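Survey of secondary and tertiary structure
Listed here are the chains, written in short residue letters.
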Amino acid sequence: MATAELASERESDYLSQLTMAAARYANRTERRERNQSVIETRGPLYADTPERVEKRLARLGADWAMARAIEHTPTEPASSAGSTLQLPPEAFTSEVLGLERLIGRNNLTPVAFLEEGVQVSRSVGRVTISGPGGGHGTGFMVSPSLLLTNNHVLRGPEEASRSKVAFAFQDGVDGSPLVPAVFQLEPLRFFITDRALDYSLVAVSPRGAQGEALSSFGRLVLSEAEGKVVVGEFVNIIQHPRGEPKQIALRENQIVDVLERFLHYESDTREGSSGSPVFNDQWEVVGLHHSAVPKTDAEGRPLSIDGTVWRPEMGEQQLAWRANEGVRISRVLRALHEVPLSGEAARLRDEVFTTGLAPSPTESAPAMPAHNGASPRRVTDGSPVQVQEQSHAADGTAQLTVPLRITVAFDTRSSSQAVFPAQLPAPTPLAAPQPAPAGRADVVSAVEKDVDAALANNRLARERPYYDRAADSAARDAYYADVGTGDGDALRRALTTLLAETHEPQPRYKPMRLVYPWVDLHKDGRLRSIYSGRDFSAEELIRADAAVAEARLARVQELLLQESTAGPAEFEAEFDALEASMPFNCEHVVPQSWFAKKEPMRGDLHHLFACEVGCNSFRGNFPYFDFPDFDETVRDACGMRERTGFEPQEGKGAVARATLYFLLRYPGQVGDAAREFPQERLPVLLQWHEREAVTEYELHRNAAIAEIQGNRNPLIDHPEWAREIDFAGVWP
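Everything numeric here is computed off the predicted structure, so don't read it as measured data.

In this section: the environment of E54. Along the chain, E54 falls in helix α3 (residues 50-60). Put simply, E54 and G227 are 173 residues apart on the chain and 7.7 Å apart in space, counted from C-alpha to C-alpha.

If you want it as structure tokens, here you go:
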């Protein structure tokens, strides 16, 4: 094909992209204007859909369910969220929750933000197409071998075969240019393109023109998970505009609309920026920049800056811009999954969806890794890790498969520097914070996010009425409206069905975030040990558990580094010993060993109570028992424990009702093994329930938990049902 024809075809492709982007932008005018109005008057937490906002806050480590439960009023229930979040802006703002900085609304940004940006920028390069129809674009490494850019930059293998990518094409800190490292593209080894989503994925030579190693420039880990950005948030774009040295459009680029496949944002990008990565403030890739949204005339034709109809021969610099458009990276990954491949091509494609075992220094999702090139291996969502064979998910999580369940939340960047004491510390009455060992900054940072969110929620909780009896009475009546009384077995079955169907969402076990800040507070704003009655401030237990979490996660890092020599049985034993020696200040009234630490039982708030680690360890997994001579032999203020069972000093009524709830909610889970609560002990629970009436503290807990996880405790709402329910069917 002649040079002129190739150039004309490229111009036609670009014009087509402009026209389609302009049409999408025009079709969303009403929605976009509504978004912008909401952003200006109420903030970004209200502009996007509740589902997207919840996912975003969850990804950032903020408790939206907790925030909603704390802040909603009786006249504005938490369940009423519609197209925007139904919370009064004068009472609940992103600033109150400390979310301004999290979603980029505060220009006071940690210096580490810039350092991380420098690290991820190393994986971004200038793409140069030589020969007929040549030009420049931007691309970035998304696996050890593959570079992602636009289809309209690299339309096919022939064009890619005469193209190169240059990394470090930029100025140094002294203003003088660095020497770029130039690598040939290798489309014969791998090339995939999609015109509709405007992406091309191509292999890059492992060695540069001067022998440079491609691996030294790393890659950007991509994630299919949603929750990386919401309307109103600011994004950052690293680019080579017009083929110039690398530049950045930094934090003045606001997302104004989120479509099914595209993002619209206001940004300072120029021609040559096509194929640039679009980042959120945690330096996660959220989009593939591909087109400007031009101003158009009534017929949809792009306009030039002088108001006339733009023509390709005028050059992109003459286009009049409205906004910019990027392809959502999750949609690119979804499409890539669906491409039928086999052999070496499939292997290379699959590398895009792995974090890798020995990634480059730039593999940061989202925080900056260690400078020593240590492998970032992340499990940040609190989901079970199963350890034996390694697999890697597209959201940057490393999963190891073994026949055990371990719930952890950790970020192991710099894991080669992890330090942990040779012997685990013995339990103490209260786990006090200890200085973090050297090389654990990554773990500390992850835990600090939990601490900040928990303390913010606790501050907000202190301003909310402790218990609204009228509102809770109405909620209780509505909850049990379809439950009839009469036959004890029918009542039990009806309640079990109701508790299971309304248990949504099902929070993971994280007491510092969900138990201490609000759920387990007493009216004076303090926490009290369920067994000893000893009181603590919420902050005291939050920080104590944070110290335990840091130590646990550091040990998990060490275990994962040793996984090649440690089998599943060894790992399971190590982890059980770890949790036993460093427990949280939280008690499961139904011990975790009785249900193998499975969710949702483990995180079910109805049977979680504040309890100092001394009493927690003292009770162990002994079933409850009523000792005849209890008053004369109480031990250590926690209660009495013998081989027959455990009787607490305090809280008998509350723990009885919590255990009865568990029996109803999870029939068949308790009593199927030795040392678990047997059916003949049921009278103990019923006696404790009847001796100690339901307190305002329990009413508060029940209402708070219902707001967070949806279901209620029938024994608190209707104490009289305890003798009507036929509990026989709850045992195996």
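Throughout the structure, instances matching the rule amount to one disulfide. A disulfide bridge connects C615 with C638, and the sulfur atoms are separated by 2.0 Å. Across the S-S bond linking C615 and C638, the dihedral sits near -85 degrees, which makes this disulfide left-handed. Residue C615 is located in helix α15 (residues 613-619), and its partner C638 is located in the loop between α15 and β24 (639-642); the two are separated by 23 residues in the primary sequence. Look at C615 and you get buried, because its relative accessible area is 0%. Assessed through its relative accessible area of 5%, C638 is described here as buried. Here C586 is not disulfide-linked; the sulfur of C611 is the nearest cysteine sulfur, at 8.4 Å. Residue C611 is classed as buried on the basis of its relative accessible area, which comes to 1%.

A large share of helix α7 (residues 329-337) lies buried, amounting to seven of its nine residues. Those residues of α7 lying buried are I329, S330, R331, V332, L333, A335 and L336. Along its buried surface, α7 packs onto β3 (146-149), β6 (191-194), β7 (199-203), β12 (285-294), β13 (321-328) and α8 (343-351).

What follows is about the sheet that holds strand β1 (residues 124-129). The strand order across the open sheet formed by seven strands is β5-β4-β1-β2-β3-β7-β6, and the pairing between neighbours is antiparallel. Here the strands that pair on one side only, and so sit at the sheet edges, are β5 (181-184) and β6. On average, each strand axis in the sheet is tilted by 30 degrees relative to the strand beside it, whichever way the strands run. Alignment of β1 against strand β2 (residues 135-141), held across six bridges, turns out to be antiparallel. Looking at β2, one finds that T128 is bridged to H136. Relative to the sheet, α7 contacts β3, β6 and β7, its axis offset from that of β7 by approximately 60 degrees.

Regions with low pLDDT carry predicted coordinates that are not meant to be interpreted in detail. With 75% of its residues at a pLDDT of at least 70, the chain reaches an overall mean of 78. Across residues 66-102, where pLDDT falls below 50, the model places 81 contacts with residues more than four positions away in sequence or in other chains. Confidence drops under pLDDT 50 across residues 356-439; counting only partners more than four residues distant or on other chains, this segment forms 222 contacts.

Analysis parameters
- Residues numbered from 1 in each chain as written.
- Predicted model: local features only at pLDDT ≥ 70, side-chain atom pairs only at ≥ 80, totals over all residues.
- Heavy atoms only, no water.
- Helix = DSSP H or I, 4+ residues; strand = E, 2+ residues; numbered from the N terminus.
- Disulfide = S-S within 2.5 Å.
- Buried < 20%, exposed > 50% of the residue type's maximum accessible area, 1.4 Å probe, protein only.
- Contact = heavy atoms within 4.5 Å.
- Pairing = 2+ DSSP bridges.
- Axes fitted to C-alpha atoms, helices over the stretch in contact; angles between N-to-C directions.
- pLDDT = per-residue confidence, 0-100.

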